[in-house]
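Close look at the chain arrangement
Chain by chain, the residues run as shown.
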Amino acid sequence: GGNNIENCHPFLRQNNWMTRNLVVAGNFNLTNVEELFGLLVSLGQHPKEVSDTVTVMEKIGHFLDEENEKLFKEYKKAGYANAQISHMIAKNLDVQNILKNAASDFDGGYAMAGLIGHGDAFVLRDPNGIRPVFYFLNDEVAVVASERPAIQTVFNLKIEEIKELTPGHALVIKKDGNVSEKQIIE
């Protein structure tokens, strides 16, 4: 949109809780930014501007906060100490659920990647497959790019070794190295 540092990806949403920090970058053009902004305001938020990047960040951030709060209450009720709870939240955060709730109102083309402060990551693709997303996984790396040849060239791979992320799905990469493709939107 503009030529200043505020318009550069990745965007960061900071918090003192490790599992509430969020970084998002991507290639997206949402066609319903005004509607998404209104939804954020109805949740009680006051986003700093009306843009697809800010609305995406705050929508995912809202449901990240809700997931954290739900787990915190659950573990607190079970008698765990706060320091223990932080580690348990990091281990059990449901990234798929966060993305399902956040992206349910997204309209447009997008391929976005996010990293949560404790180490979980995700790549989300729009349900119509407007934006391309390809990935390669092995025991050491998880690589995602918008173009298959970039991965092929860097890793010297055959075309069949690279997978395309299914439209409406997210590649969820947990801190422990577990990687799965999860459906987010039909």
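Here is a short report on the structure shown in this document. (Residues numbered from 1 in each chain as written. Predicted model: local features only at pLDDT ≥ 70, side-chain atom pairs only at ≥ 80, totals over all residues. Heavy atoms only, no water.)

Some details on the overall build of the protein chain
Within the protein chain, the secondary structure is distributed over five helices and nine strands. Reading the protein chain from its N end, one meets helices and strands in the order β-β-α-α-α-α-β-β-β-β-α-β-β-β. Relative to the compact-globule value of 16 Å for 186 residues, the protein chain shows a C-alpha radius of gyration of 17 Å, a close match. Seen along its three principal axes, the alpha-carbon backbone of the protein chain occupies a region of about 50 × 40 × 35 Å. Burial status across the protein chain gives 44% buried among its 186 residues. In the protein chain, the proportion of contacts linking residues at least 24 apart, taken out of those at least 6 apart, comes to 54%. As presented, the protein chain carries roughly 10,200 Å² of accessible surface, and 48% of it is formed by carbon and sulfur atoms. Considering the protein chain, the positive charge centre built from 18 side chains and the negative charge centre built from 25 side chains are found 7 Å apart. (Helix = DSSP H or I, 4+ residues; strand = E, 2+ residues; numbered from the N terminus. Rg over C-alpha atoms; globule rule 2.2 N^0.38 Å. Buried < 20%, exposed > 50% of the residue type's maximum accessible area, 1.4 Å probe, protein only. Contact = heavy atoms within 4.5 Å. Areas by Shrake-Rupley, 256 points an atom, 1.4 Å probe, with all protein chains shown as cover. Lys, Arg positive; Asp, Glu negative; His and termini not counted. Charge placed at Lys NZ, Arg CZ, Asp CG, Glu CD.)

Some details on helix α4 (residues 95-103)
Buried residues of α4: Val95, Ile98, Leu99, Ala102 and Ala103, and no others. Take α4 and look down its axis: the buried residues cluster within an arc of 105 degrees, on one side only. Put simply, Asp94 is the residue that caps the front of α4, since its side-chain oxygen is 3.3 Å from the backbone nitrogen of Gln96. (Arc of directions from axis to C-beta. Polar contact = N/O pair within 3.5 Å; in protein donor to acceptor, adjacent residues only side chain to side chain.)

Considering unusual backbone geometry
Negative phi values dominate among residues other than glycine, just as trans dominates among peptide bonds. In the Ramachandran plot, Asn156 falls in the positive-phi region, its phi being about 55 degrees despite a non-glycine side chain. Here Asn156 lies in the loop between α5 (148-155) and β7 (163-164). A residue is classified by how much of its surface remains accessible, and Asn156, at 69% relative accessible area, is exposed.

Let's talk about the pairing of strand β3 (residues 108-116)
Of all nine residues that make up β3, seven are buried, and the element is covered over most of its length. In terms of strand pairing, strand β2 (residues 22-30) meets β3 through nine bridges, oriented antiparallel. The partner of Leu22 across the bridge, within β3, is Ile116. Pairing geometry for β3 and strand β4 (residues 121-125), over five bridges, is antiparallel. (Pairing = 2+ DSSP bridges.)

A look at the pattern of salt bridges
Note on pairing: side chains with opposite charge can pair once their charged atoms come close. Per the counting criterion, the structure on display carries eight salt bridges. Taking the shortest distance from any N to any O, the salt bridge between Glu69 and Arg20 comes out at 3.1 Å. Of this pair, Glu69 sits in helix α2 (residues 52-77) while Arg20 sits in the loop between β1 (11-13) and β2, placing them 49 residues apart in sequence. Exposure remark for Glu69: the relative accessible area of 33% places this residue in the partly exposed category. Looking at Arg20, the relative accessible area reads 15%, which means it is buried. Between Arg125 and Glu164 there is a salt bridge, and its shortest N-O distance comes to 3.0 Å. Linking Arg125 in strand β4 with Glu164 in strand β7, this pair joins segments that are 39 residues apart in sequence. (Salt bridge = Lys/Arg side-chain N within 4 Å of Asp/Glu carboxyl O.)

Some thoughts on the nonpolar core
Ranked by size, the top nonpolar core spans 34 residues in total, and within it Ile60, Phe106, Tyr110, Met112 and Leu124 carry the most contacts. Taken together, the elements giving at least two residues each to this core come down to β2, α1 (33-42), α2, α3 (82-92), α4, β3, β4 and β8 (169-173). Among the elements that take part in this core, α2 stands out by supplying eight residues, more than any other. The residues contacting Tyr110, other than those within four sequence positions of it, are Asn27, Phe28, Leu30, Ala103, Leu124, Arg125, Asp126, Pro127, Arg131 and Ile185. Listed in part, the eight residues of the second largest apolar core include Ala121, Val133, Tyr135 and Ile173. (Core = buried A, V, L, I, M, F, W, Y, C linked by side-chain atoms within 4.5 Å.)

What to know about the sheet that holds β4
Overall, antiparallel pairing links the six strands, which are arranged β1-β2-β3-β4-β8-β9 in an open sheet. Each end of this open sheet is capped by a strand with a single partner; those strands are β1 and β9 (179-183). For this sheet, the mean inter-axis angle between neighbouring strands, taken without regard to orientation, is 20 degrees. Across the sheet, α4 touches β3, β4, β8 and β9, and the angle it forms with β4 is around 40 degrees. (Axes fitted to C-alpha atoms, helices over the stretch in contact; angles between N-to-C directions.)

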